[in-house]
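# Structural characterization, general
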There are 2 protein chains.
Amino acid sequence: MPHRANFSNLTLITPTAKMSADVHGGRAKCLQRLVRLDMPVPTTVSLDFKSVQSIASGTMPDMDVLIEPFGGAPLLSVRPSSEDPDWGGPGAILNIGMNNTKLVELSKEVGERAATALYLRFIQAFAVHVARLDPDEFDVPSEPTAQALEAALSAYEADAEEPFPQDPIRQLTEVLRSMARAWEGTTARLLRQAKGAPADAGLGLVVQAMALGVGASESGSGVIQYVDETTGETQIKGRYLSQSQGREALSLDAPAIYLTRDERGASLEELCPDIFAELLRFGDVSRLRLREEMQIEFTIESNSLRILDAVRLQRSSRAGVKIAVALADDGVIPREEALMRVEPVALNELLHRQVAPQAVRDVFGQGIAASPGAARGRIVFTANEAQASAARKEACILVRRETTPEDIRGMHAAQAVVTVRGGITSHAAVIGRGMGLPCVVGASDLVVDARKRQLVSPDGRVLVEGDMLTVDGTSGQLLVGEPPLREASLDGSFQTLLSWADDVRDIGVRANADTPSDAQTARNFAAQGIGLCRTEHMFFDDDRLTVMREMIFADDAEDRRTTLDRLLPMQRADFIELFEIMAGQPVCLRLFDPPLHEFLPSDRAGLRDLAEALDRPLSDVTERVGELREYNPMLGMRGVRLGVSIPEIYEMQARAIFEATVALAERGVIVRPEIMIPLVSARREVELVKTQIDALAAEVQTKSGQTFDYNLGVMVETPRAALRAGDIAEHATFLSFGTNDLTQMTYGLSRDDAGRFMSDYVRQGVYPEDPFHSFDVEGVGELVSIGANRGRSQRNDVVLSICGEHAGTTDAIAFARANRFDYVSCSPFRVPVARLSAARLVVAEKLSPRR
Amino acid sequence: MPHRANFSNLTLITPTAKMSADVHGGRAKCLQRLVRLDMPVPTTVSLDFKSVQSIASGTMPDMDVLIEPFGGAPLLSVRPSSEDPDWGGPGAILNIGMNNTKLVELSKEVGERAATALYLRFIQAFAVHVARLDPDEFDVPSEPTAQALEAALSAYEADAEEPFPQDPIRQLTEVLRSMARAWEGTTARLLRQAKGAPADAGLGLVVQAMALGVGASESGSGVIQYVDETTGETQIKGRYLSQSQGREALSLDAPAIYLTRDERGASLEELCPDIFAELLRFGDVSRLRLREEMQIEFTIESNSLRILDAVRLQRSSRAGVKIAVALADDGVIPREEALMRVEPVALNELLHRQVAPQAVRDVFGQGIAASPGAARGRIVFTANEAQASAARKEACILVRRETTPEDIRGMHAAQAVVTVRGGITSHAAVIGRGMGLPCVVGASDLVVDARKRQLVSPDGRVLVEGDMLTVDGTSGQLLVGEPPLREASLDGSFQTLLSWADDVRDIGVRANADTPSDAQTARNFAAQGIGLCRTEHMFFDDDRLTVMREMIFADDAEDRRTTLDRLLPMQRADFIELFEIMAGQPVCLRLFDPPLHEFLPSDRAGLRDLAEALDRPLSDVTERVGELREYNPMLGMRGVRLGVSIPEIYEMQARAIFEATVALAERGVIVRPEIMIPLVSARREVELVKTQIDALAAEVQTKSGQTFDYNLGVMVETPRAALRAGDIAEHATFLSFGTNDLTQMTYGLSRDDAGRFMSDYVRQGVYPEDPFHSFDVEGVGELVSIGANRGRSQRNDVVLSICGEHAGTTDAIAFARANRFDYVSCSPFRVPVARLSAARLVVAEKLSPRR
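Residues numbered from 1 in each chain as written. Chains lettered and ligands numbered in written order. Predicted model: local features only at pLDDT ≥ 70, side-chain atom pairs only at ≥ 80, totals over all residues. Heavy atoms only, no water.

## Considerations on the overall build of chain A
The number of helices and strands found in chain A is 33 helices and 31 strands. Along the first, second and third principal axes, the C-alpha set of chain A runs to 105 × 60 × 55 Å. Counting only residues that meet the buried cut, chain A has 59% of its 851 residues in that class. When contacts within chain A are restricted to residue pairs at least 6 apart in sequence, those whose partners lie at least 24 apart make up 67%. Here chain A displays about 33,700 Å² of accessible surface, and carbon together with sulfur accounts for 48% of that area. Taking the average place of the 92 positive charges on the side chains of chain A and the average place of its 120 negative ones, the gap between the two points comes to 3 Å. (Helix = DSSP H or I, 4+ residues; strand = E, 2+ residues; numbered from the N terminus. Buried < 20%, exposed > 50% of the residue type's maximum accessible area, 1.4 Å probe, protein only. Contact = heavy atoms within 4.5 Å. Areas by Shrake-Rupley, 256 points an atom, 1.4 Å probe, with all protein chains shown as cover. Lys, Arg positive; Asp, Glu negative; His and termini not counted. Charge placed at Lys NZ, Arg CZ, Asp CG, Glu CD.)

Structure below.
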């Protein structure tokens, strides 16, 4: 027998008792709030974390003290009360105190059948959850007869090797001990830690007098809520079941009734209009005073209402936004609190179409969730097929082993993209996110057989070209067929919440946008300009690609220049369109970056076509393409290295930028273009390009007679550029930290190759998280802050920003704020997330300034 | 007319005059030293740098003061006197003062013919070098007749539009001005800056009374030296020509005589025994007092000796070492000074066979001098052909577009390697240097046509398989045919000098050695252990390669382990052999590093062979090989990432290391192996591998009953490892900075791809030097010192070193010393260079402690 100690961590819940959620748990605290609101809560005693911990290690509280508030021989329930309700806890045990004597007493009050049913349910719960007997032996019988009861008691005695305990104190003791110990179990611990609970998270328990819900006059139990949990719209919802306890009204096969009067049949509103009115009043009161939309558990005990419990309503992301905005609009909570109530990532669900929550999922395969949202279409295996499909107005899903820049137009034509290789920052993933296209990458268990035009799952199922596939880019699942989807919902609440975020935040948010359509999305999401336009993405259109290839094959600078002259009007038109869309907001144009071989075909057929197009022998073309191939293209002849070695490319681009600027000026729109040099590793690279660009600007100004301003800056994406940022800032008015490449180089890790082992690495805790997904503050971050500090000490008004995949994450925004950066720039579809994250950081800092 | 100023930068050279080389130049200072040694130097006046600078800008010194020391109407010479004689300067002008009057006088003394000859020579020199007239008009006539003289004077007058100047003062003025201005010319400036002169290097001039060398009794001029300039052996060498001036005795078609009596014919020793004896005495005196081997220019004027000039003997690297050691051995200079007199890179010439200096070079092509030394053989285009050639005992040169690990055995079989692609740290270059194999890479002007088996030069010359080629890895030239070579010469002086270096230096020097033969070379060069053994190089032998491939294709860990078990005895034998050769010196073994696909064939034939060997369908093999291919292998699945993902490989290696340690211990040799983990980017990687290796060590110790110690350390080669070196040092007893990869990642630059633009980049000054060749102190260096400091503050006895290509360079050694590193580790053939460099840094610091 455990010995009993005399301690006082038992609190009778009264309006004035000293209680808090981090000592007694959320449920206990919430019950006190209900008591304070004068709700008819049955007598409840709270056991705090410390006392439950003592129970788990064998020290029981003084049971006489514990049961004293409940008066003589009552029935009790025990419920868990963890600090955060989401962390779970053991299931509630009802009807403690039920025994042979009580059965007789209760039979008189509520009838033998109801009393026997209660007893049977208690025996079952006690046997399974407290005495840990075989659940199969303790099914609750369909009919609560005396025989069934006798059988249950015998079964208990046979299994437990002792009779079913009759002493209510002993029953309660065992229940408390069993619940306390369950909290310490490994599974429970892992489960709650997965939900973010700390290792030492405590459990409280609440012991409450039972409101029976069974009896002669109207008795029963039910659950009520005041808004729809999916849409967030105001709506009374819930169920009520006569002669029931707990949440029985919610079970699917229960003959429960609705609460409001409508065409669906009987309702509580009709059955007990006064009680229904009281519940509505409690809804208003709790929303106002608890400052939250609650779900309330109630019992009617012989025509009178008891409130047993109230929990924060579980809700969809969409409902979450609507509720938070409504509470703030109604003055229940301040706007800043509304911001804190919506997790930024939850916005993703609103921004994209999703697989409906109730959909049945026939999972064909699983990959990395690289770009959120769901889409469906017929499978195609090549970019050409995708374009053909789009031309037929048929939705398609592009499935590739991996994508390359040649696939971009196919991606534009597809509803979603799936790749077997690659990680969270592979080509497909980056482009997919940029376009808001659902994308699953690194589905490495699948085999793509492009020749047979089929996709084989790990368990041997085969999908062929033309089969219907649904891609869930939010979960990374590939689903067979057409499960129902839920549309995106950028409603008024969403816009309102983000406008409040903009009022609060203290760091700029721009978008990475390469095309006019990206730019339009950026504008729609209220990005404060374009932080990164990868101008080379404009070169992959068929007509331009041909010119690019001719340029690559040109014999000398003069030849190259002549060829590039044909691209000039196209680039100028690109920039004019971008500038027009952005309507005077800043646009940062990164000069040509990728290695030239990205523009060349690699397969035999492509090489033959190219040889024909260029009217050169195939062997020449093959030779030249072979020469351009690189061991490590990431670290090769690209970025400013191309700019320095083949200056004609930057010359054409700069001319296009300046001529576009002049064209806008002539229409009265003043643009101050920002020109960014990629892959810098030494100051002299910047000097050389700056000299060239300044000369071109002067030339265009002279020729046009228009003057304009422009800013020249550097993309800091090599560790050396970060270390030498002081030197570099001599010639750069802004430094934009490209954390994708910087992460690759700092780790010595190619994002395109990391997919193969990254999940292993994260699972084994080698890296706490995928550094391409989650900003590495202590490694890459140190280089960024070294760079920022050195840049600023050279030029105190240097504009600092982070662009790249990380820029939209809370970690990166927090880092950027801490380092006094001017803005972050992320994919257009992350802009809302970033705006909210940035605002929340400001609010969080106000709330606990020391963090 | 230039106006004359009164200034006093004219110094009559006397034993007590205040003179120094950085004011008056090296020649003037040396002449003063000769005067102090009582040598018969004709009267000489020195014009210092400042005065020559004034002359160049138009201000002449007081000519009366200048010529006063020479008495009435003498003939004079003017010679340049730059601070360092190597910086060059305008040619000497002799016989100034010669005119019609002097001709008459001199004809009486030395005969009309000799006097006319002198006059003619002066007119020619003055016309061409001072008056800058057309040289073709002023050939010195074969016979000095009065007609010839008249013709020369007329030609002068016609060309210069004035008569030949008769005034000796005017002559001297013009000579001085012309020489002063020549120094300021662009060509001269560029030439001397290429030799290391600073932008403001000054020129002094010396004006000397002529010792005529022509006359009635024995007169003439000659040059004498006391050691052989190629071997450094003591030997009187030189030539003497009667009735001559200056260095005429050295011209090839001059009828000059030798100095010493031997079978070669007439000699100065016989002709003028007293003068010869005096010259020998001057040799002894100058060696002792000038502390250097000199070459002396002398004139015999009517049987008496005049010493006109003495210069430091120009010498080969080999002679340089011998002379420095001999001077120190004879107590003429201290040993430390001997160390300072030998440039470390000069040792390369001694370590390798070279193309003989006098060889006629028929240059076929030029590439990057990647591994020094010369070799010749017949051209082969594949590794297999190289091996076949070696089997026939036929010397061959392996010519490849680029080399891969598959070519290693072919490289071993070849005398030298040439590649068309790649830079100073390409595969061929690194392996070549490691093996001491002459190597030229990046010969990008050449076209290799492997199918036609021919090599085409830029000017269209063709060499085919089997043609003889000589590779000069010291200059980067490819020479047609078989020019004579000079053997390597590691004589006693070389060993002595390095032993003195070892006495002085304060940082360890180890070698990077992958094979027993490398290790033996390392021992021969007195390396203090192996700092980097790339253990994977042992896996490329045919039998092991097969096993490796089976391992790669294994289905699961058990399969892999079984396959690796077959490699275990081979690896153990490798390590036993290494440990034996190193005889207890430390050996640092880097665990397996390269990506697995390096072990797989890439061409169709190889794939077919592999499919056969593995008894699998070709499609399977092709698929798997394709899957393993990486976008950026440098940044991919290699190093510790393989170690963590496929732990069986490191397990086998660690077991082999420990079992080898036990085997040595059983023979009484105590080895404390150092195990190094490559490509670390996070502490947890080290923890995981350490746990595994510690467990294996315990297991081997238990099984064998032998105990042993070992050190586990980390190769710091990612920027992140440098930044997180504090964390990492918690589990690492040593940190070895791999500057090759660290440079690649810091710059974001693949060494294999950089060759394409690096020479452009260096030419344009974008990078001051190729960072793979020359250690980048301000970028990469900062990361290394951050890493060193953090590692040390975590663990104050952490052993710090630099390994990789830079480690043998003076810059890197200086950096390593400044950061208190324990040792550097470089290719075996760079060990002597590193030992000397390290010692010289210590001496230099003593000499100027503030540097």
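## Here we look at the interface of chain B and chain A
Contacts between chain B and chain A engage 53 residues on the former and 53 residues on the latter. Taken together, the two surfaces of chain B and chain A that pack against each other cover about 4,900 Å², and 49% of this comes from carbon and sulfur. In terms of surface lost to chain A, no three residues of chain B exceed Tyr631, Leu635 and Arg720 of chain B, which account for 15% of the buried area on that side. Viewed at the interface, chain A and chain B are joined by 8 salt bridges. (Buried area = accessible area lost by both parts, 1.4 Å probe. Salt bridge = Lys/Arg side-chain N within 4 Å of Asp/Glu carboxyl O.)

## Brief notes about the state of the cysteines
One pass over the full model with this rule turns up 0 disulfides over all chains. Here Cys396 of chain A stays free of any disulfide, with the sulfur of Cys439 of chain A as its closest cysteine sulfur at 14 Å. (Disulfide = S-S within 2.5 Å.)

## Focus: the side chain of Asp48 of chain B
Residue and element names in this part refer to chain B. Among the secondary structure elements, Asp48 is positioned in the loop between β2 (44–47) and α3 (49–56). One buried charge, Asp48, has no salt-bridge partner; the nearest side chain with opposite charge is Lys50, at 6.3 Å. Engagement of the side chain of Asp48 in a polar contact is seen with the side chain of Asn9, the distance being 3.1 Å. Each residue touching Asp48, except ones within four places of it in the same chain, is listed here: Asn9, Val23, His24, Leu203 and Gly204. (Polar contact = N/O pair within 3.5 Å; in protein donor to acceptor, adjacent residues only side chain to side chain.)

## As for the relation of the copies chain B and chain A
If you rotate chain B by 179 degrees and push it 0.1 Å along the axis, it lands on chain A with an RMSD of 0.3 Å. The superposition of one copy onto the other is thereby described by a two-fold rotation axis. Residue by residue, 100% of the interface of chain B is reproduced at the interface of chain A, so both copies engage with the same surface. (Least-squares fit on C-alpha atoms with pLDDT ≥ 70 in both.)

## Brief notes about the pattern of salt bridges
Residues and elements named next belong to chain A. By the definition in use, this model includes 128 salt bridges over all chains. As a salt-bridge pair, Arg315 and Glu292 come within 3.1 Å of each other at their nearest N and O atoms. Within this pair, whereas Arg315 is found in the loop between β10 (304–312) and α12 (317–329), its partner Glu292 is found in the loop between α11 (273–289) and β9 (294–301), the two being separated by 23 residues in sequence. Of the residues examined, Glu292 reaches a relative accessible area of 8% and is grouped as buried. Salt bridges sharing partners connect three or more residues here, namely Arg291, Glu292, Arg312, Arg315, Glu337 and Arg341.

## Some points on the sheet that holds strand β3 (residues 76–82) of chain A
All names here are of chain A. Pairing within the open sheet is antiparallel, and its 5 strands lie in the order β1-β2-β5-β3-β4. Only two strands of the sheet have a single neighbouring strand rather than two, namely β1 (10–12) and β4 (93–96). Averaged over neighbouring strand pairs, the angle between their axes works out to 25 degrees when direction is ignored. Bridge analysis of β3 against β4 gives 2 bridges, and the strand direction is antiparallel. The partner of Val78 across the bridge, within β4, is Ile93. Across the face of the sheet, helix α2 (residues 26–36) comes into contact with β2 (44–47), β3 and β5 (203–209) while running at roughly 115 degrees to β3. Taken strand by strand, helix α8 (residues 168–184) contacts β2, β3, β4 and β5, and its axis lies near 20 degrees from that of β3. (Pairing = 2+ DSSP bridges. Axes fitted to C-alpha atoms, helices over the stretch in contact; angles between N-to-C directions.)

## Here's the deal with the pairing of strand β27 (residues 674–677) of chain A
Residues and elements named next belong to chain A. In β27, alternate side chains face the same way, and those of Glu674 and Met676 on one face and Ile675 and Ile677 on the other are all buried. Pairing of strand β26 (residues 587–590) with β27, which is carried by 3 bridges, proceeds in the parallel orientation. Paired with Arg590 across the two strands is Met676, which belongs to β27. This β-α-β element, β27 to helix α26 (residues 683–704) to strand β28 (residues 711–716), shows right-handed connectivity. (Right-handed = clockwise from strand over helix to strand, strands pointing away.)

## Thoughts on unusual backbone geometry
Residue and element names in this part refer to chain B. Its identity is not glycine, yet Asn95 carries a phi of approximately 65 degrees, on the positive side. In this structure, Asn95 sits in strand β4 (residues 93–96). The phi dihedral of Ala583 is positive, around 50 degrees, even though this residue is not glycine. By secondary structure assignment, the location of Ala583 is in the loop between α21 (557–582) and β26 (587–590). Owing to a relative accessible area of 48%, Ala583 belongs among the partly exposed residues under this scheme.

## Concerning the sheet that holds strand β14 (residues 374–380) of chain B
The pairing of strands in a sheet happens through backbone hydrogen bonds and is either parallel or antiparallel. Residue and element names in this part refer to chain B. With mixed pairing, the 8 strands of this open sheet are ordered in space as β12-β22-β21-β14-β15-β16-β17-β13. Taken across any chain shown, the strands that pair with only one partner, and hence form the sheet edges, are β12 (363–366) and β13 (368–371). Direction aside, neighbouring strands of the sheet carry axes that sit 30 degrees apart on average. Running over the sheet, helix α15 (residues 383–391) touches β14 and β15 (396–400) and is turned about 175 degrees from β15.

## So, the nonpolar core
Counting residues in hydrophobic clusters, the biggest one holds 319 residues, and the most contacted among them are Phe658 and Leu735 of chain A together with Phe658 and Leu735 of chain B. Other than its neighbours up to four places away in sequence, Leu735 of chain B contacts Val714, Val716, Ala725, Ile728, Gly787, Gly791, Val798, Val799, Leu800 and Ser801 of chain B. Formed by 57 residues, the second largest nonpolar core is a distinct cluster that contains Met98, Leu106, Ala125 and Ile169 of chain A. (Core = buried A, V, L, I, M, F, W, Y, C linked by side-chain atoms within 4.5 Å.)

## Description of the packing of helix α5 (residues 100–110) of chain B against helix α6 (residues 112–130) of chain B
A pair of packed helices is captured by two measures, namely the crossing angle of their axes and the spacing between those axes. All names here are of chain B. Close contact between α5 and α6 brings their axes to 7 Å; oriented N to C, the two are set at 145 degrees. Crossing of α5 against α6: the hand is right-handed. Residues Asn100, Leu103, Leu106, Ser107 and Val110 of α5 touch α6, and the partners they reach there are Glu112, Ala114, Ala115, Thr116, Leu118 and Tyr119. A breakdown of the residues in the contact of α5 with α6 according to their chemical character gives 7 nonpolar, 3 polar and 1 charged. (Left-handed = near helix turned anticlockwise from the far one by under 90°. Nonpolar A, V, L, I, M, F, W, Y, C, P; charged D, E, K, R; others polar.)

## Brief notes about the environment of Gln495 of chain A
Residues and elements named next belong to chain A. Here Gln495 lies in helix α18 (residues 492–504). Judged by relative accessible area, Gln495 falls into the partly exposed class, the value being 40%. Between the C-alpha atoms of Gln495 and Phe772, which are 277 residues apart in sequence, the distance is 29 Å.

## A word on a negative patch on the surface
Residues and elements named next belong to chain A. Taken together, Asp134, Asp136, Glu137, Asp139, Asp159 and Glu161 make up a surface patch of like negative charges. With respect to the secondary-structure elements, Asp159 resides in helix α7 (residues 146–160). Residue classification places Asp159 among the partly exposed positions, given a relative accessible area of 36%. (Patch = residues over 30% accessible without salt bridge, like charges linked within 9 Å, V, L, I, M, F, W, Y side chains within 5 Å.)

## Details of the packing of aromatic side chains
Residue and element names in this part refer to chain A. Considering all chains together, one arrives at 38 aromatic pairs over all chains under this definition. Between Phe122 and Phe164, the ring centres sit 5.8 Å apart and the planes meet at 85 degrees, which makes this aromatic pair edge-to-face. Within this pair, whereas Phe122 is found in helix α6 (residues 112–130), its partner Phe164 is found in the loop between α7 and α8, the two being separated by 42 residues in sequence. Taken individually, Phe122 and Phe164 each receive the classification buried, so the pair is uniform in this respect. Chaining the aromatic ring pairs together yields one cluster made of Tyr119, Phe122, Phe126, Phe138, Tyr156 and Phe164. Positioned above the aromatic ring of Tyr823 is the side chain of Arg510, whose terminal nitrogen or guanidinium carbon lies 3.9 Å from the ring centre. (Phe/Tyr/Trp six-rings, centres within 6.5 Å; stacked < 30°, edge-to-face > 60°. Lys NZ or Arg CZ within 6 Å of the ring centre and 35° of its normal.)

## Some remarks on helix α21 (residues 557–582) of chain A
Residues and elements named next belong to chain A. Within α21, the axis deviates most sharply at Arg566, by approximately 35 degrees, and proline Pro569 lies no more than four positions further along. Between the side-chain oxygen at the start of α21 and the backbone nitrogen of Glu558 there is a gap of 3.2 Å, and the oxygen is on Asp556. One or two steps after α21, the chain reaches Ala583, where phi turns positive at roughly 50 degrees. (Bend = angle between axes of the 7 residues up to and from the residue.)

## Re helix α33 (residues 831–847) of chain A
Taking 1.5 Å of rise per residue, the 17 residues of α33 of chain A would be expected to cover 24 Å, and the 24 Å separating its terminal C-alpha atoms lies within 8% of that figure. The element α33 of chain A is largely enclosed, with a buried count of 14 among its 17 residues. (Expected span 1.5 Å × (residues − 1).)

## Here we look at the packing of helix α19 (residues 516–524) of chain A against α21 of chain A
All names here are of chain A. As a packed pair, α19 and α21 sit with axes 9 Å apart at the nearest point and diverge in direction by 10 degrees. When the axis of α19 is compared with that of α21, the two are roughly parallel. Here Pro516, Ala519, Gln520 and Arg523 of α19 lie close against α21, whose contacting residues are Glu577, Leu578, Ile581 and Met582. Of the residues contributing to the contact of α19 with α21, the split by class is 5 nonpolar, 1 polar and 2 charged. (Parallel < 35°, antiparallel > 145°, perpendicular 65-115°, else oblique.)

It is worth stressing that arrangement in space is one thing and function is another; only the former is reported here.
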